[in-house]
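Notes for the structure review
Here are the chains, one letter per residue:
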Amino acid sequence: MDAYLVAILTTAAVYVILALALNIQFGLTGLMNFGVVGFYGVGAYTSGIMTETLGQPILLGMLAAIVVGGLAGGLVSLLSIRLSGDFLAIVTLGFAETMRLAFNNEDWLTRGPRGFLIMTRPVIDGLGRGATAWFILGVFVLAAIIVFVVLNRLAGSPFGRVLRAIREDDLVPATLGKNVLAYRLQAFVLGSAAMALAGSLYAHYVQTITPDNFTTQVAVLVWMSLIVGGAGNMKGAVVGALVVTAIYEGTRFLAPLMEFLTPTQVSALRFIIIGTLLIVVVRYRPEGLLPERIAPRSRPDPVPAAG
Amino acid sequence: MKPVRIEVDGLTKKLGGVAVVNNVSFQVDAGQIMGLIGPNGAGKTTMFNLISGVLRPDAGKLRVNGRDVTGLPPYKLARHGIVRSFQLSRELDRMSVLDNVLLAAADHPGEHMANALFRPFAVRRAEAKLTEKAREMLALVALTPHEAKPAGTLSGGQKKLLELARALMAGADTILLDEIAAGVAPHLVEEIIEIVQKLNRDLGKTFLIIEHNVGFIRALTSRVVVMAAGELLAEGSFDHVSRNPAVIDSYLGQAA
C-alpha cells in the first residue's frame, strides 16, 4: 500500500508538470494544444535515446528532451503560423498522431511496439528498493516544483499579463504594440518543452516505453486536470492534476469491491467517474476549483503625501 | 506650418471584389482633431483598419510622421504612435481596469520573458512606476474609482473611456476613436468631449474621430473628411461640408 501510494504520487507529479505546461499554453494564452501527448512522447523517446543509445548521463537526457520538445513546439506553431484556435488544434492533434506512428514504425530508433528499454534512472546507487522509490518521487516533486515556480512567476509577471490579453482578445494587445505572434510562439515553445521534460521523467521511471503509452488518453487526462483545477491559475493546474490522478489511479481499488464487473469494465468505469466529475465541475463551477484571479495583485498604493 | 501626422495617399481596399475604400487621400495634421464622417457602409471603419494596420491596403501609401508605414502590422503602427479604439469597445473583460491600462505600457521590461524570470526586482520596480502612470491615465478619464473592477463590469461609456486611457498609456500621439459616443449616456458624451479637448489642448494629442453624432463632431473637430461608398466626398470644416450638396444628399439629408 505504501509502495502504491508512492507510485501514485510519482505519476501525479508527471501529470502536474503536464497540466502546468498546458496551462501556460491554453490557460494563459488560449492556445488549443490537443497534441500534449506528442510533446510528452518526444521528450520520453529523446531522453531514452540520449541515455541508452548514446550512453549519455540522465541530466543530459532531460536537457535534450527539453530542447527537442521546445524545437518541436516551435515547428508545430510555425506550421500554423497564426496559431489561431482551430488550426492549431488540428495541427497539434495531427502532430501527436504522427509522433505515435513514428514511434511505432521507426524501429531502428525506437524499437517500435516491442518497447524501448531504459535502464538509466534518476537515482543514486546503493539505496534499497523502498528508498529508491521515495528518492525518485523526491526528484519528480522537485522537478514539478521548479516547473511551477518558473511558470507561476511568468504568469504573475507583465509577460503573463500580455499572454492573458492575447487570450481575451488578440486584437487589443496587437493594436497596443505587442507582437502577438512572438508571444504565442514563446508560450507554446515553453509549454512544449515542459511537456517533454514530463515525458523524460516518465520514461526513466517506467523504464519501458511503447507507442501505446502515448495515445490521446494522456492528453485527455491533462485537459481534464486543467479544466477541473482552473485554467489560468497555476495552483489550479496542480490541484486539478492531483485530483484527476487520484481518481484515475484510485479507482483501481474499486476492482476487488466490484467483482461483478470485468477488469475491462472497471477500467472504463474510471473514465466514467472522471467524466462525471468534469461535467459536474463545468456545470457548477465552470471556472474550475481554483479560479483565475482578476483583481490586481497587491500593488503598491500611491505614496500618500507627507504631512 | 504644422507637421503632418497621418498621410493617407490613394489608399484602396477591396473586400470580396468590391472596393470598400477606393483611392482615398487626406491628411491629418499634428495637433488636429479631425472628423471622419459618412453614411453607414461608407468605408470609415475600413479606413481605420487600414490606418491602424489591421487590414493591409491593396493600393496606395500610408505615411505616419513622414515615414512610409504601408502594410505594417498593428503592433508596429502602435509603436509609431497610432493607437485606435474600436467601434464595439474591446476591453479585456476578465482583467482588471488597471491591468487593462498597464497592458498598454510601451517597453515594459517585465514583458520580456527573461526579465520576468530572472530580474523580478527590476520588473517590480518598473511595474510600480508604470502603475503610478496608469493611475494618472485613469484619473485623466475619470475611472480612478473603478481600477480594481474586472473591465467587463464597466458601463458602455466607461469602456470607451478605458480604451482612451489605454491609448494614452501606450504613448500614442495620434488616437483614432471609432464611434466613441455611440451608445453612451448623454452626460458621459459631454464628459468625453471635455476629455478629448483637454488631451488635445494640454497634451497636444492628435485625434481622428469617426462619429455619427453631429453635435459631437461639431463641438470637437476643426476639419472633417466625408466618405461615401468608399470614396472621398468632401473635406473641410464641418460647417463648410454641411453646405455641400453632395454631402447633404448622401449623408446629412434632412438632418442638416
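Residues numbered from 1 in each chain as written. Chains lettered and ligands numbered in written order. Predicted model: local features only at pLDDT ≥ 70, side-chain atom pairs only at ≥ 80, totals over all residues. Heavy atoms only, no water.

**Considerations on the overall build of chain B**
- Counting its secondary structure elements, chain B contains 10 helices and 10 strands.
- Dimensions of chain B, computed from C-alpha atoms along their principal axes, come out at roughly 60 × 40 × 40 Å.
- For chain B, buried positions account for 54% of its 256 residues.
- Across chain B, the fraction of contacts at a sequence separation of at least 24, relative to all contacts at a separation of at least 6, is 66%. (Helix = DSSP H or I, 4+ residues; strand = E, 2+ residues; numbered from the N terminus. Buried < 20%, exposed > 50% of the residue type's maximum accessible area, 1.4 Å probe, protein only. Contact = heavy atoms within 4.5 Å.)

**Things to note about the interface of chain B and chain A**
- Facing 38 residues of chain B, the contacting portion of chain A comprises 32 residues.
- Summing the contributions of chain B and of chain A, the shared interface buries around 3300 Å²; its carbon and sulfur component is 65%.
- Its largest share of buried area at the contact with chain A, chain B owes to B:Arg94, B:Glu111 and B:Met113, together 21% of the area lost on that side.
- Our count for the chain B to chain A interface comes out at 6 salt bridges.
- For A:Arg161, the salt bridge is made with B:Asp99, and the minimal N-O distance between the two is 3.3 Å.
- The tally of links between chain B and chain A comes to 14 residue pairs in polar contact (both at pLDDT 80 or more).
- Per-element accounting of the side of chain B that touches chain A gives the leading share, 6 residues, to helix α5 (residues 120–140) of chain B.
- When the residues that make up the side of chain B that touches chain A are grouped by side-chain class, the tally is 23 nonpolar, 5 polar and 10 charged. (Buried area = accessible area lost by both parts, 1.4 Å probe. Salt bridge = Lys/Arg side-chain N within 4 Å of Asp/Glu carboxyl O. Polar contact = N/O pair within 3.5 Å; in protein donor to acceptor, adjacent residues only side chain to side chain. Nonpolar A, V, L, I, M, F, W, Y, C, P; charged D, E, K, R; others polar.)

**Comments concerning the sheet that holds strand β1 (residues 4–15) of chain B**
- Strand order in the open sheet formed by 4 strands is β2-β1-β4-β5 (chain B), and the pairing between neighbours is antiparallel. Looking along the sheet, the strands with just one partner apiece sit at the ends: β2 (18–29) and β5 (67–68) of chain B. (Pairing = 2+ DSSP bridges.)

**Some thoughts on the sheet that holds strand β7 (residues 174–178) of chain B**
Residues and elements named next belong to chain B.
- Judged by pairing direction, the sheet is mixed, and its 6 strands sit side by side in the order β6-β7-β8-β3-β9-β10 without closing on themselves. Of all the strands in the sheet, the pair left with one neighbour each is β6 (82–84) and β10 (231–236). Between one strand axis and the next, the sheet turns through 20 degrees on average, direction left out of account.
- Of the strand pairs in this sheet, β6 and β7 are connected by 3 bridges, and their pairing is parallel. The residue bridging Ile82 from the neighbouring strand is Thr174, located in β7.
- Running at roughly 145 degrees to strand β8 (residues 206–210), helix α1 (residues 44–51) makes contact with β3 (33–37), β6, β7, β8 and β9 (223–228) of the sheet.
- Taken strand by strand, helix α7 (residues 186–203) contacts β3, β7 and β8, and its axis lies near 150 degrees from that of β8. (Axes fitted to C-alpha atoms, helices over the stretch in contact; angles between N-to-C directions.)

**Concerning the UniProt feature "transmembrane region" (unreviewed entry) in chain A**
Residues and elements named next belong to chain A.
- This chain's UniProt record puts "transmembrane region" (unreviewed entry) on residues 6–24, 31–51, 57–79, 131–151, 185–206 and 218–248.
- Between the end C-alpha atoms of residues 6–24 there is a gap of 28 Å, over a span that is 100% helix and 0% strand.
- Helix makes up 100% of residues 185–206 and strand 0%, with an end-to-end C-alpha separation of 31 Å. (UniProt positions renumbered as here; feature names shortened; annotations may be inferred.)

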